[in-house]
Structure formats: C-alpha cells, structure tokens
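Structural description and commentary
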Amino acid sequence: MDRAKPVTTEGSITAGADFLQLDVGEAPPGGRADWLAARLRAAIADGRVPVGARLPASRVLAAELGVSRGVVTEAYQRLTEDGHVAGRGRAGTVVVATPAAVVTRAPAPRRPPEVFAARPDTAVFDALRHAPAELDLTPGVPDLAAFPRAAWLRAERAVLHRLAPAAFGYGDPTGTPALRLAIATWLARNRGIRVDPAEVVVVAGVSQALGLLAQVLHADGVHTVAVEDPGSLGVRQHLNNWRLDTPPVPVDTDGLRVDRLEASGAPAVMLTPAHQFPTGVVLDGDRRRRLLRWARSGGLVIEDDYDAEHRYDRPPVSALRGMLPDRVCYTGSVSKLLAPALRIGWVLVPARWHDDLVAAKRMADLGNAALPQLVLAELMDSGALERHLRLLRRRHVRRRDAMIRAIREHLPGAVVHGAAAGLHLLVTLPDEVDDTALAAAALRQGVKVQPLSWHAQLPQPPGLVLGYAANPPSDLDRALATLGAALRDLR
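Counting starts from 1 at the beginning of each chain's written sequence and moves along it residue by residue. pLDDT decides what is reported in this predicted model: residues at 70 or higher carry local features, side-chain atom pairs at 80 or more are listed and counted, and totals for whole chains, interfaces and linings draw on all residues regardless. Only hydrogens and water are set aside when side-chain values are computed; all heavy atoms of the structure are taken into account.

What follows concerns the nonpolar core. In this description, a nonpolar core means a group of buried Ala, Val, Leu, Ile, Met, Phe, Trp, Tyr and Cys residues linked to one another through side-chain atoms lying within 4.5 Å. Only protein chains enter the accessibility calculation, which uses a 1.4 Å probe; a residue whose area is less than 20% of its type maximum is buried, one above 50% is exposed, and one in between is partly exposed. Membership of the largest hydrophobic core comes to 40 residues, with the highest contact counts inside it found for Leu-137, Met-403, Val-449, Leu-466 and Leu-480. Every element with two or more residues in this core is listed here: helix 4 (124-130), helix 13 (384-410), strand 13 (424-428), helix 14 (435-444), strand 16 (463-467) and helix 15 (473-490). Residues Ala-146, Leu-179, Ile-344 and Leu-389 belong to the second largest nonpolar core, which totals 37 residues. Elements are defined by DSSP. Helices are runs of H or I of four residues or more, strands are runs of E of two residues or more, and each kind is numbered from the N terminus.

Below, the structure written as structure tokens:
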C-alpha cells in the first residue's frame with residue numbers, strides 16, 4: 001500500500017502510517033477512543049487537518065494504529081456529535097468545522113477569592129464567570145463544544161437562500177411566525193402543551209421572560225412571588241430587581257411543599273417542577289394535584305421548564321402549563337439544549353396578561369434578532385434539534401456516571417442528589433463543612449463550583465452544586481480529586 005503524506009488542501013485525503021504521528025501506546029488502558037478523538041480534535045483545531053480535508057477510512061487508520069476498527073469509528077462518532085466532522089458517503093469523513101479555541105489557564109493564585117468573600121450580590125455570577133480557573137463545574141453550563149455547527153450552517157444557508165428582503169426589516173416583537181409555529185409544535189410533541197403560535201412570545205432567554213413577567217404582574221398588583229428553597233439565586237435576583245418579594249417555600253424529596261405555599265398567603269409561586277434546581281427532584285403527582293387546586297382557587301404558577309429535555313433514567317414529566325393554561329405562566333429556552341449565547345427562549349401567559357407582556361417586550365427591545373430565530377425554526381422543523389438532543393443524552397449519561405464515580409472516590413460520605421436528569425448534581429456534605437469556604441478553597445486550586453448556601457434562604461445542609469455537562473470524564477475526575485483535597489485541608 002502506498003503511503004499518503006498528510007496534506008492540507010481542500011478535499012484531500014490524509015492517511016497513512018505517519019498520519020499525525022499518532023502513537024497508540026500513549027493511550028490509557030480502556031481509553032483509546034477518547035485518546036484518538038482528543039488527538040484528532042486538536043489537529044483540526046490547530047490546522048494540521050483543515051476544514052475540507054478527509055480523515056482516513058476507519059479500517060485504514062485502525063490497521064495502521066493496530067487497534068480495532070470500533071476504536072476509530074467511536075472516535076469519529078464523537079467528532080461527528082461535536083459537529084467537527086461529517087460523513088459524506090463515498091467521499092468519506094470530512095472535516096466541516098474547527099473547534100472553538102480552548103484557553104487553558106493556570107490555577108488561580110492562592111489568595112482569598114473575592115467572589116466568596118461575602119453574601120452573594122447581583123454581580124456574583126459575573127465575578128465567578130471571570131475568575132481564572134482550570135476546571136469549571138458551574139451548574140447550568142451545557143457542552144458548548146457539542147454545538148451542532150454543521151447543522152446550524154446548513155440551516156442558515158437554507159434560510160438565507162429563500163429569505164425575502166423584507167425579512168431583514170423590523171419584525172413582530174413577539175417573534176418570527178416561523179419560530180413561533182416551530183415552538184408550538186415542539187411543545188406539543190415534547191412537553192404535552194397545546195398552544196396557538198399566536199400565544200407564543202419569543203424572548204432573550206428565561207431571564208428576560210422573568211423580567212417581563214415581573215413588570216406585568218407588579219403593574220397588576222402582584223407584589224410577591226414565592227420561590228422554592230433551596231432554589232435559584234439568579235431567579236431571586238431577577239424577581240427582586242423588579243420589586244417583587246420572594247419568600248421561600250421549602251422543597252423536600254417530593255418537590256415544593258404546597259402546604260407551606262398555602263400557608264404563606266403568597267398570590268404567586270415560581271418553580272421548576274420537571275427538574276428542581278438545585279436538588280433535582282421532580283414535583284410528584286400528589287403535590288402537582290394540590291398545586292393545581294391552589295392555582296384554580298386563585299393562585300398563579302410561574303413554571304420554568306428547567307432541564308425538562310435532559311432526562312436519562314426516568315420517564316418524561318408533563319408540563320403544568322398543559323394541565324391549567326389559564327393559571328400557569330410557562331417559560332423555556334434553548335440555552336441548555338444549544339447554547340446560552342443564542343439568547344432565545346419563549347414565554348406563554350394566560351390571555352389576560354398577553355397584550356401587556358407583548359407591550360413590555362416591544363418597549364424592551366422591539367423583538368429578538370430574526371435570523372437566529374429562523375435558523376432555529378429550521379433546525380426544529382427538520383428534526384435536527386431532536387437528533388442533537390439524542391446525541392447529548394448519550395454523552396451526558398457518560399459524563400454524569402463519571403462524576404458520580406469520582407464523587408464516590410474523592411468525596412466519601414457525600415450524598416448525591418438529582419442524578420436522573422439535568423446537567424448538574426447536588427452533593428450534600430457532613431454538617432461540619434462550610435460549603436462557601438470549600439468553594440473558595442477549590443477556586444484557589446483552580447476549580448469552580450457553587451456552594452448550596454448561595455441558593456438557600458432557609459437553613460440547609462452544606463453542599464455543592466456541580467455541573468458535569470461541559471467536561472470530559474478525565475477532567476471531572478481531576479476536579480473532584482481537587483475538591484477532595486480541598487475538603488481534607490479544611491478539616
């Protein structure tokens with residue numbers, strides 16, 4: 001067989017025994033596919049294998065490396081899931097996108113991190129985001145490397161090819177008709193919600209939805225919205241910013257304590273029933289029925305469908321909005337499914353508030369950018385978004401399992417919560433641990449985590465909220481080893 005030298009012209013084949021000077025002896029036992037995928041990803045990123053180049057046939061590369069063909073096909077599949085390569089039939093496996101540049105920072109200097117110096121304020125998430133760290137376990141961060149670049153580009157080309165010039169002008173503040181129809185179809189198929197596309201309002205993520213709802217409700221005389229406890233600090237901050245009080249309602253293993261909600265006298269409640277943040281519990285059947293009775297008697301539910309798509313070991317849970325549309329405001333987004341940077345979400349409100357919400361949206365920004373909306377609609381309509389979700393579920397299960405193994409090894413005595421769904425785990429710790437001090441110690445050693453105490457108004461056991469979706473298994477193990485060492489030092 002002739003040896004083919006690696007070349008970098010578009011459409012060329014890169015093959016042969018010298019391909020990227022790969023040495024399978026460097027691969028860890030049982031981790032050859034991970035090793036090969038990482039080497040190929042790095043070669044695509046630095047231009048050694050450019051966009052347009054074909055990778056060697058799997059059987060050829062397997063023979064050259066002396067590994068099974070399954071190792072190579074698994075590595076190629078992972079690059080396909082990331083959107084970096086695509087199978088082109090007889091043309092082979094072709095590089096279609098370059099990975100985003102990864103900036104590796106050295107561990108943060110050993111000094112008290114200011115982000116944990118006091119009770120968190122409205123700037124704390126920006127402070128933590130910008131703090132230097134080698135490993136980031138921030139909850140709610142999806143696998144940004146898995147963004148379906150090739151599918152997005154195909155959808156964008158299709159949209160631009162048929163887009164009329166008038167579509168580049170000012171549009172409807174509620175969103176493009178194409179996306180509102182696609183969202184209504186998506187919600188009917190995946191969340192059990194039947195809604196007319198005219199009822200859908202496209203917003204810049206759940207955060208804007210909450211801000212618009214808060215304005216409308218405050219103007220209508222609703223000044224208090226009860227929240228789950230523990231529950232998202234960010235949600236409390238958004239509601240408080242619009243002058244709404246947020247009294248806490250406890251959450252237990254069955255979800256929100258509806259009896260405590262009833263006793264609070266609050267006219268409205270904000271909750272995450274499909275996958276509660278941060279505990280991961282699901283609002284059970286009895287609690288759902290009691291909550292809906294409370295709503296029918298005059299209460300208002302704000303439902304954030306947080307992480308509803310990301311479920312692994314349990315059947316889907318229907319949305320509350322589908323059961324009582326006249327008393328439930330519903331919001332969701334693609335921030336965890338695709339990327340937060342898209343800033344695309346949606347909100348449904350009872351008819352009495354719809355016009356006021358649209359007016360608030362119009363005054364806020366005249367509506368979201370139209371082109372990303374149309375591309376997202378194309379992904380939804382074509383089935384590409386559902387295919388992407390299936391790929392993500394398989395990847396998330398591997399990473400979740402890796403984090404659980406690492407927790408058992410490096411944090412003995414910790415209790416894991418919320419493993420059946422979502423992008424994060426809650427880990428509770430022995431009572432003598434100060435979770436804020438532990439998070440600060442971890443940051444000094446280059447690992448970002450959030451303490452459970454940030455997300456609580458009522459007394460809670462100490463704990464950490466750990467995101468796993470954005471990190472490969474090897475990084476998760478290193479991060480948990482660092483946390484274990486930091487915990488031992490504190491003790």
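Having seen it, we continue.
Residues of helix 8 (residues 233-241) that are buried: Leu-233, Gly-234, Val-235, Arg-236, Gln-237 and Leu-239. Note on definitions: a residue-residue contact is assigned when non-hydrogen atoms from the two residues lie within 4.5 Å. Next to the buried residues of helix 8 lie helix 4, helix 7 (205-219), strand 5 (226-229) and strand 8 (268-271). Backbone geometry just downstream of helix 8 places Arg-243 in the positive-phi region, at approximately 65°.

Here we take up the pattern of salt bridges. Salt bridges are defined as contacts in which a side-chain nitrogen from Lys or Arg sits within 4 Å of a carboxyl oxygen from Asp or Glu. In this structure the tally under the stated criterion is 21 salt bridges. For the salt bridge of Asp-172 with Arg-180, the shortest nitrogen-to-oxygen distance reads 3.7 Å. For Asp-172, a relative accessible area of 38% gives the class partly exposed. Look at Arg-180 and you get buried, because its relative accessible area is 9%. The salt bridge partner of Arg-321 is Glu-199, with a shortest N-O separation of 3.5 Å.

We now examine helix 10 (residues 285-296). Residues three or four positions apart in an α-helix share a direction because the helix packs 3.6 residues into each turn. Take the number of residues in a helix, subtract one, and multiply by 1.5 Å to get its expected span. Over its 12 residues, helix 10 extends 17 Å from the first C-alpha to the last, a length consistent with the 16 Å expected when each residue adds 1.5 Å. Listed as buried for helix 10 are Arg-287, Arg-288, Leu-291, Leu-292, Trp-294 and Ala-295. Mapping the buried residues of helix 10 onto a view down its axis gives an arc of 155°, with all of them on the same face. Projecting away from the buried face of helix 10 at angles above 90 degrees are the exposed residues Asp-286, Arg-293 and Arg-296. When we speak of the arc, we mean the arc of directions from the helix axis to the C-beta atoms.

With that settled, consider the packing of aromatic side chains. Side-chain rings of Phe, Tyr and Trp (the six-membered ring for Trp) are treated as a pair once their centres are within 6.5 Å; stacked means planes under 30 degrees apart, edge-to-face means over 60, and tilted covers the remaining angles. Taken as a whole, this structure holds 4 aromatic pairs when the rule is applied. Taken together, a centroid distance of 6.0 Å and an interplanar angle of 90° make the contact between Phe-125 and Trp-454 edge-to-face. Pair noted here: Phe-125 is in helix 4 and Trp-454 is in the loop between strand 15 (450-451) and strand 16, with a separation of 329 residues, a long-range link. By relative accessible area, which is 2% here, Trp-454 ends up buried. Plain terms: the ring middles of Phe-277 and Tyr-306 are 5.6 Å apart, the flat faces sit at 80° to each other, and that makes the pair edge-to-face. With Phe-277 in the loop between strand 8 and helix 10 and Tyr-306 in the loop between strand 9 (300-304) and strand 10 (328-333), this residue pair connects regions lying 29 residues apart in the sequence. Considered together, Phe-277 and Tyr-306 belong to a single accessibility category, that of buried residues.

The subject of this paragraph is the sheet that holds strand 9. If you walk across this open sheet you meet the 8 strands as 4-11-10-9-8-5-6-7, and the pairing is mixed. Among the strands making up the open sheet, the edge pair consists of strand 4 (201-203) and strand 7 (255-256). When DSSP finds two or more bridges between a pair of strands, those strands are recorded as paired. Here strand 4 runs beside strand 11 (residues 345-348); their pairing, made up of 3 bridges, is antiparallel. Looking across to strand 11, one finds that Val-203 is bridged to Gly-345. In this description, a line fitted to the C-alpha atoms serves as the axis of each element, helices being fitted only across the stretch in contact, and the angle between N-to-C directions of two axes falls anywhere from 0 to 180 degrees. Contacting strand 4, strand 8, strand 9, strand 10 and strand 11, helix 7 crosses the sheet at an angle of about 155° to strand 10.

Moving on, we come to the side chain of Arg-287. Within the secondary structure, Arg-287 is located in helix 10. Given a relative accessible area of 15%, Arg-287 falls into the buried group. Under this definition, polar contacts are N or O atom pairs within 3.5 Å; protein pairs additionally need one hydrogen-donor-capable and one acceptor-capable atom, and for neighbouring residues in sequence, both atoms have to be side-chain atoms. There is a polar contact of 3.0 Å between the side chain of Arg-287 and the backbone oxygen of Gly-255. Excluding residues that lie within four positions of it along the chain, Arg-287 makes contacts with Asp-252, Asp-254, Gly-255, Leu-256, Arg-257 and Val-258.

In this section: the packing of helix 5 (residues 149-162) against helix 12 (residues 370-382). Where helix 5 contacts helix 12, the axes come no closer than 9 Å and their chain directions differ by 115°. With respect to helix 12, the axis of helix 5 lies roughly perpendicular. As helix 5 runs across helix 12, the sense of the crossing is right-handed. Along the contact surface, helix 5 presents Ala-151, Trp-152, Ala-155, Glu-156, Ala-158, Val-159, Leu-160 and Arg-162, while helix 12 presents Leu-371, Pro-372, Leu-374, Val-375, Leu-376, Glu-378 and Leu-379. The classification used treats Ala, Val, Leu, Ile, Met, Phe, Trp, Tyr, Cys and Pro as nonpolar, Asp, Glu, Lys and Arg as charged, and all other residues, Gly among them, as polar. For the contact of helix 5 with helix 12, a count of residues per class yields 12 nonpolar, no polar and 3 charged. The cut-offs work like this: below 35 degrees is roughly parallel, past 145 is roughly antiparallel, 65 to 115 is roughly perpendicular, and the gaps in between are oblique. Take the far helix as the reference: if the near one is turned anticlockwise from it by less than a right angle, the crossing is left-handed, and if turned clockwise, right-handed.

Following the sequence through the fold, Asp-229 ends up in strand 5. The side chain of Asp-229 is buried and forms no salt bridge, while Arg-236, the nearest opposite charge, is found at 5.0 Å. If we skip the residues at most four places from it in the chain, Asp-229 touches Pro-248, Val-249, Pro-250, Val-251, His-455, Ala-456, Gln-457, Leu-458 and Gln-460. His residues and chain termini do not enter the charge count, which takes Lys and Arg as positive and Asp and Glu as negative.

The next point concerns the sheet that holds strand 15. Strands sit in the order 12-13-16-15 across an open sheet of 4 strands; the sheet is antiparallel. Both edges of this open sheet fall to strand 12 (415-417) and strand 15, since each of them pairs with a single strand only. Looking at chain direction, strand 15 and strand 16 are connected through 2 bridges and run antiparallel. Bridge pairing in strand 16 links Pro-451 to Leu-464.

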